[in-house]
Amino acid sequence: MNILILGSGGREHTFAWKLSQSPLCKSLFVAPGNSGTSQIAINLDLKVTDFQAIKKAVLKNEITMVVVGPEDPLVQGVHDFFLNDNAIKHVSVIGPQKAAAELEGSKEFAKEFMYRHNIPTAAYKSFNASNVEAGYAFLETLNPPYVLKADGLAAGKGVLILNDLNEAKTELKSMLIDAKFGEASTKVVIEEFLDGIELSCFVLTDGKNYKILPTAKDYKRIGEGDTGLNTGGMGAVSPVPFATNDFLNKIEERIVKPTIEGLKKDNLPYKGFVFIGLIKVGNDPKVIEYNVRMGDPETEVVLPRLKTDLVEIFQAIANQTLDKVEIVIDERTATTVMLVSGGYPEAYEKGKEITGLEYITDSIPFHAGAINKDGKVVTSGGRVMAITSYGDTYEEAIKKSYQNIEKLHFDKMNYRKDIGFDL
Ligand code: AMP
Ligand code: GLY
C-alpha cells in the first residue's frame, strides 16, 4: 500500500525508517519531511494542517494510509476530515478523532477525564479571566512550587513552575488577562506540584484493544543536570531502568486500563498512539499529561526497539484487530542524543552545513530540523538531528551515540553531554 506520514521531525524520519522496512509498504510519502526522509521516501511540499492539499496528494498518489506525526492536525480534526469526505473515507488514518484529541488540546478536558475515570493525577482547579481573583485565592492554599498550565496548545511552552507566590499571581494574571499564550491561555489549570522522576508510557489502541509499547525517558531541559529552559527534548532512553515490572503493572492497572475504558465510555474515537507522561511519586505513578501522538525524541528510541512490522500494526489498528497482533520488542536498550542549533530554544541561526554523516557506522542519525540544499544537508530548525544507538546497557548505547557525534559537525552545534545522568 501507499502510505503518507504527516510531519517533518526526527519522529517522522523514524516512522519513515520503520515503515519503509515493511514488505507491505509500496510507496512512502512524507509531508513535508526533511533531508532524512528524502533518502527513503518521497517528500511532498505541503503543510500538515492544509487538509485540502493533503486530500489532493492522497488521491493523486493513491495513498490508503495516513500516519499523523504531530498534534496540530489531530486537534484540528484531520481524522474527522477524512471520515466526512466520500472520496477519502476509505483511507486509514492513524491518530485519534478531534473529540479524543482534546486530551492533548485542552489540559482542563484531560484533567476532567482523569477525575471522571479515577486516574491518578495532581489535584487541580481551572480559572478564566472572570474568576482570576479565585485563582489567586487557590494559589494561597497551595504550597510552592506553583504549577500553572495554559489550557490549550502552546508548542510545549505553556507550563510555568514558579517558587514565589507573588510571581505565580503575576503570571496567572498575565496568562488570563494579557493573553500571554494567546488563545491557549484563555483558561489556566493550576495544579498541585508533584515531586518525583518522570517517564513516559506509550500505548497503541484501536479503540477497543490496546498494546503497551516500551517506556522511555526524555530529557527536556537545554542544560546539563536538567537545568535551563525547556526544549522539545534533548535526548531519550528506552527502556527506563527504574520502571520495574511491579511499577509497570501499576501503570497498566491504574492508568492504561482506565484510560482505554474511559475513551470507550465517553465515546471518544481513538485509533492511534496514546502518550502518557508520568511522574513516579514514591512508588506510585501519576499522570502529568496525555499527548495524542508519539513523543519526539521518544519515538527515536521506542520504534528502533519494535521488531513487529509497523504497517501490520497500523492495519490492525484500522481494522480494530489489535488483539491479534503480537508486539515483539528488542531486549536491547536504545538511546538518542539530540544535536541542536546554538542558541536553541531561544533564537538561533539556520542554513549551517552538516558534515560527517558518511562516517557514522553503528548509530542511526534521525534527521529533524535538517533539509537538502544545493547538494548539501543544512540545518533548518532548532533540533537538528537525533543520534540513536543500541546497547546491552544504556551506558553502552549512550557511549556509541557520543562517539559518533564526534564525527559530526555544523557551526554552533550544541548537545547535552549527560543524557542518562540520573538513571
Ligand atoms: P506538560 O506540558 O503538562 O507535560 O508539563 C511540562 C513539564 O512540566 C512536565 O514534563 C513536568 O516536568 C512539569 N510538570 C507539569 N505538571 C507538573 C506537576 N503537577 N508537578 C510537577 N511537575 C510538573
Ligand atoms: N518529547 C516530548 C514530546 O514529544 O512532547
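Provided above is the structure to which this section pertains.
Residues numbered from 1 in each chain as written. Chains lettered and ligands numbered in written order. Predicted model: local features only at pLDDT ≥ 70, side-chain atom pairs only at ≥ 80, totals over all residues. Heavy atoms only, no water.

Chemist: It is not clear to me how the sheet that holds strand β3 (residues 42–43) should be interpreted in this structure. Could you clarify?
Modeler: Sheets are built from strands that pair by backbone hydrogen bonding, the pairs being arranged parallel or antiparallel. Strand order in the open sheet formed by 5 strands is β3-β2-β1-β4-β5, and the pairing between neighbours is parallel. One side of each edge strand has no neighbouring strand; the edge strands of this open sheet are β3 and β5 (92–94). Across 5 bridges, the pairing between strand β1 (residues 2–7) and strand β4 (residues 63–68) is parallel. The residue bridging L4 from the neighbouring strand is V66, located in β4. Strand contacts of helix α11 (residues 310–319): β1, β4 and β5, with the helix running at about 95° to β4, the strand carrying the most contacts. (Pairing = 2+ DSSP bridges. Helix = DSSP H or I, 4+ residues; strand = E, 2+ residues; numbered from the N terminus. Contact = heavy atoms within 4.5 Å. Axes fitted to C-alpha atoms, helices over the stretch in contact; angles between N-to-C directions.)

Chemist: What is the right way to read the layout of surface pockets from this model?
Modeler: Gaps between atoms show up when a probe of the same size as a water molecule is rolled over them. Its volume calculated, the second largest pocket comes out at about 320 Å³. I212, L213, P214, T215 and L248 are the residues nearest the centre of the second largest pocket, which is lined by 16 residues in total. Looking at the lining of the second largest pocket, the element that brings in the most residues is helix α9 (residues 245–265), giving 5 residues. Grouping the constituent residues of the lining of the second largest pocket by class yields 9 nonpolar, 3 polar and 4 charged. (1 Å grid on protein atoms, 1.4 Å probe; cavity = no way out; pocket = protein on both sides within 12 Å on 5 of 7 lines; lining within 4 Å. Points joined across faces, edges and corners; volume = space filled by probe spheres on them. Nonpolar A, V, L, I, M, F, W, Y, C, P; charged D, E, K, R; others polar.)

Chemist: Please clarify how the sheet that holds strand β10 (residues 197–205) should be interpreted in this entry.
Modeler: Strand order in the open sheet formed by 4 strands is β11-β10-β16-β17, and the pairing between neighbours is antiparallel. Taken across any chain shown, the strands that pair with only one partner, and hence form the sheet edges, are β11 (210–212) and β17 (284–291). Going across the sheet, the axis of each strand differs from the next one's by a mean of 35°, ignoring polarity. Note: β10 against β11, 3 bridges, orientation antiparallel. From the neighbouring strand, L204 faces β11, where its bridge partner is K211.

Chemist: Would you explain the packing of aromatic side chains in this entry?
Modeler: What describes a pair of aromatic rings is the distance from one ring centre to the other and the angle between the planes of the rings. A full pass over the atoms with the stated rule returns 13 aromatic pairs. Measuring from centroid to centroid gives 6.2 Å for Y219 and F421, while their planes differ by 55°, and the two rings are tilted. In this pair, Y219 sits in the loop between β12 (217–218) and β13 (221–223) while F421 sits in the segment after β23 (413–414), placing the two residues 202 residues apart along the sequence. On the basis of relative accessibility, which here comes to 0%, the residue Y219 falls in the buried class. Residue class for F421 comes out partly exposed when judged on its relative accessible area of 40%. Here Y344 and Y348 contribute two aromatic rings whose centre-to-centre distance is 6.3 Å and whose plane-to-plane angle is 65°, an arrangement assigned as edge-to-face. Y344 sits in the buried class, given a relative accessible area of 13%. Judged by its relative accessible area of 31%, Y348 falls in the partly exposed class. Counting every residue linked through ring pairs, the aromatic cluster contains F15, F273 and F314. Residue placement shows R332 over the ring face of Y390; its charged tip is 4.0 Å from the ring centre. (Phe/Tyr/Trp six-rings, centres within 6.5 Å; stacked < 30°, edge-to-face > 60°. Buried < 20%, exposed > 50% of the residue type's maximum accessible area, 1.4 Å probe, protein only. Lys NZ or Arg CZ within 6 Å of the ring centre and 35° of its normal.)

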